[in-house]
Amino acid sequence: HFQPQVDMASGRLIGTEALIRWRDPDEGLISPARFIPVAEETGLIVPIGEWVLRTACAQARKWQDAGHHFTIAVNLSARQLQQADLPQRVAALMAEAGVGPDWLEIELTESTLAGDHVSTEMRLRALKELGITLSIDDFGTGYSSLAYLKRFPIDVLKIDQSFVRDIPQDRNDMEIAATIIAMAHTLKLRVVAEGVETPEQLAFLKEQKCDAWQGYLFSKPLPADEFTARFLSD
């Protein structure tokens with residue numbers, strides 16, 4: 001499924017996040033919170049993650065051929081980041097689909113970045129050399145955020161929805177969101193807010209000069225055909 005990302009200033013579609021969904025014949029849609037941890041534990045997350053990247057690149061080619069252009073953000077797991085040949089795999093998938101790096105944004109959680117910082121930095125820099133945008137997802141929920149910003153070649157910070165959900169009722173969340181935006185802009189990073197569900201949340205983030213946003217206020221994640229029909233049809 002794909003959830004649109006919207007430019008805060010212009011209101012236009014500038015990207016989308018690819019989100020994996022499991023549709024069970026009996027239970028319907030199964031939450032990623034149930035199956036992703038199992039996939040991580042068993043190692044199945046590696047082939048699943050590669051399938052997501054391949055599918056996203058193939059969809060990017062379809063949209064490219066239809067005359068559209070925006071970025072598709074794909075989440076990368078810790079196990080994928082541990083693969084020594086990850087940059088080569090990503091480059092091969094882009095070549096296979098016939099899309100350039102301007103179509104792809106790789107999202108990494110703070111927990112994904114923990115571990116062997118030397119090899120992680122090498123792989124991230126190799127991905128950057130391919131021209132791919134790198135973002136930290138769920139920013140502010142981990143412990144070493146500032147160290148990551150100093151060490152790794154990050155382009156985008158995503159404000160976790162837990163800091164957006166209670167705006168404007170929770171003053172602390174408002175201060176945290178405003179601080180993340182100000183700090184990111186000082187470091188020349190773009191900021192995307194996740195989980196925006198109310199006009200009040202959107203108004204506050206716009207006032208703070210957040211760059212872009214996604215959330216149910218604009219659209220829930222949609223299958224590619226529904227996404228195309230709703231946002232890309234003339």
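Structural notes, computed from the coordinates. If you're wondering where the values come from, they're calculated on a predicted model, not measured in any experiment.

1. Description of empty space enclosed by the protein
Logical step 1: In this structure the tally under the stated criterion is 2 cavities of 30 Å³ or more.
Logical step 2: Glu50, Leu53, Gln80, Gln83, Leu86, Arg89, Val90 and Leu93 are the residues that line the largest cavity.
Logical step 3: Element by element, the count of residues in the lining of the largest cavity is highest for helix α4 (residues 86-97), at 4 residues.
Logical step 4: Among the residues making up the lining of the largest cavity, the classes are represented as 4 nonpolar, 2 polar and 2 charged.
Logical step 5: Empty space within the second largest cavity amounts to approximately 30 Å³.
Logical step 6: If you go around the second largest cavity, the residues you meet are Ala56, Cys57, Ala60, Ile72, Val99, Trp103 and Leu104.
Logical step 7: With 3 residues, helix α2 (residues 45-65) is the largest single contributor of residues to the lining of the second largest cavity.

2. Thoughts on the side chain of Gln214
Logical step 1: Within the fold, Gln214 resides in the loop between β10 (212-213) and α10 (224-232).
Logical step 2: At a separation of 2.8 Å, a polar atom in the side chain of Gln214 contacts the side chain of Glu17.
Logical step 3: Once residues within four sequence positions are removed from consideration, Gln214 is found in contact with Gln3, Pro4, Gln5, Glu17, Lys158, Val192, Ala193, Glu194, Gly195 and Val196.

3. Points about the packing of aromatic side chains
Logical step 1: Counting across every chain of the model gives 11 aromatic pairs.
Logical step 2: Measuring from ring centre to ring centre gives 5.9 Å for Trp213 and Phe218, while their planes differ by 90°; the resulting arrangement is edge-to-face.
Logical step 3: Put simply, the rings of Phe2, Trp63, Phe70, Trp103, Trp213, Phe218, Phe227 and Phe231 touch in pairs and so form one group of aromatic residues.

4. A few points about the nonpolar core
Logical step 1: Core analysis: the largest hydrophobic core is formed by 60 residues, its most contacted members being Ile72, Leu157 and Leu205.
Logical step 2: The contact partners of Ile72, leaving out residues within four places of it in the chain, are Phe2, Thr16, Ala18, Ala56, Ala60, Trp63, Trp103, Leu104 and Glu105.

5. Looking at unusual backbone geometry
Logical step 1: That bond from Ile167 to Pro168 is cis: its omega, 5°, falls within 30 degrees of zero.
Logical step 2: Relative to the elements of secondary structure, Pro168 occurs in the loop between β8 (156-159) and α8 (171-186).
Logical step 3: For Asp138, which is not a glycine, the phi torsion comes out positive at approximately 55°.
Logical step 4: Mapped onto the elements, Asp138 comes out in strand β7 (residues 133-139).
Logical step 5: For Asp138, a relative accessible area of 23% gives the class partly exposed.

6. Here's the deal with the sheet that holds strand β1 (residues 2-7)
Logical step 1: Taking strand neighbours around the barrel as the criterion, the 8 strands line up as β1-β2-β5-β6-β7-β8-β9-β10 in a closed arrangement whose pairing is mixed.
Logical step 2: By the bridge criterion, 4 bridges tie strand β2 (residues 13-18) to strand β5 (residues 71-75) in an arrangement that is parallel. Counted as the bridge partner of Glu17 is Ala73 from β5.

7. Description of the pairing of strand β6 (residues 104-109)
Logical step 1: Counting buried residues in β6 gives 5 out of 6 residues, a clear majority hidden from the surface.
Logical step 2: Relative to β6, β5 runs parallel, the two sharing 4 bridges. Looking across to β6, one finds that Ile72 is bridged to Leu104.
Logical step 3: Inspection of the sheet shows β6 paired to β7 by 5 bridges, in the parallel sense.

8. Concerning helix α9 (residues 199-207)
An α-helix turns once every 3.6 residues. As a result, residues three or four positions apart point the same way.
Logical step 1: Among the residues of α9, those classed as buried are Gln201, Phe204 and Leu205. Take α9 and look down its axis: the buried residues cluster within an arc of 95°, on one side only. Of the residues in α9, the exposed ones pointing more than 90 degrees away from the buried face are Pro199 and Glu207.
Logical step 2: Buried residues along α9 sit against α8 and β9 (190-193).
Logical step 3: Among the residues trailing α9, Lys209 stands out with phi positive, at a value near 70°.

9. Here's the deal with the packing of α2 against α4
Logical step 1: Axis separation between α2 and α4 bottoms out at 9 Å; the angle between their running directions is 35°. Once α2 is placed against α4, the crossing between them reads as right-handed. Contact residues: α2 offers Glu50, Leu53, Arg54, Cys57, Ala58 and Arg61, while α4 offers Arg89, Val90, Leu93, Met94, Glu96 and Ala97.
Logical step 2: Looking at side-chain class alone, the contact of α2 with α4 contains 7 nonpolar, no polar and 5 charged residues.

What counts, and at which threshold
- Residues numbered from 1 in each chain as written.
- Predicted model: local features only at pLDDT ≥ 70, side-chain atom pairs only at ≥ 80, totals over all residues.
- Heavy atoms only, no water.
- 1 Å grid on protein atoms, 1.4 Å probe; cavity = no way out; pocket = protein on both sides within 12 Å on 5 of 7 lines; lining within 4 Å.
- Points joined across faces, edges and corners; volume = space filled by probe spheres on them.
- Helix = DSSP H or I, 4+ residues; strand = E, 2+ residues; numbered from the N terminus.
- Nonpolar A, V, L, I, M, F, W, Y, C, P; charged D, E, K, R; others polar.
- Polar contact = N/O pair within 3.5 Å; in protein donor to acceptor, adjacent residues only side chain to side chain.
- Contact = heavy atoms within 4.5 Å.
- Phe/Tyr/Trp six-rings, centres within 6.5 Å; stacked < 30°, edge-to-face > 60°.
- Core = buried A, V, L, I, M, F, W, Y, C linked by side-chain atoms within 4.5 Å.
- Buried < 20%, exposed > 50% of the residue type's maximum accessible area, 1.4 Å probe, protein only.
- Pairing = 2+ DSSP bridges.
- Arc of directions from axis to C-beta.
- Axes fitted to C-alpha atoms, helices over the stretch in contact; angles between N-to-C directions.
- Left-handed = near helix turned anticlockwise from the far one by under 90°.

All quantities given are derived from atomic positions and should not be read as evidence of function.
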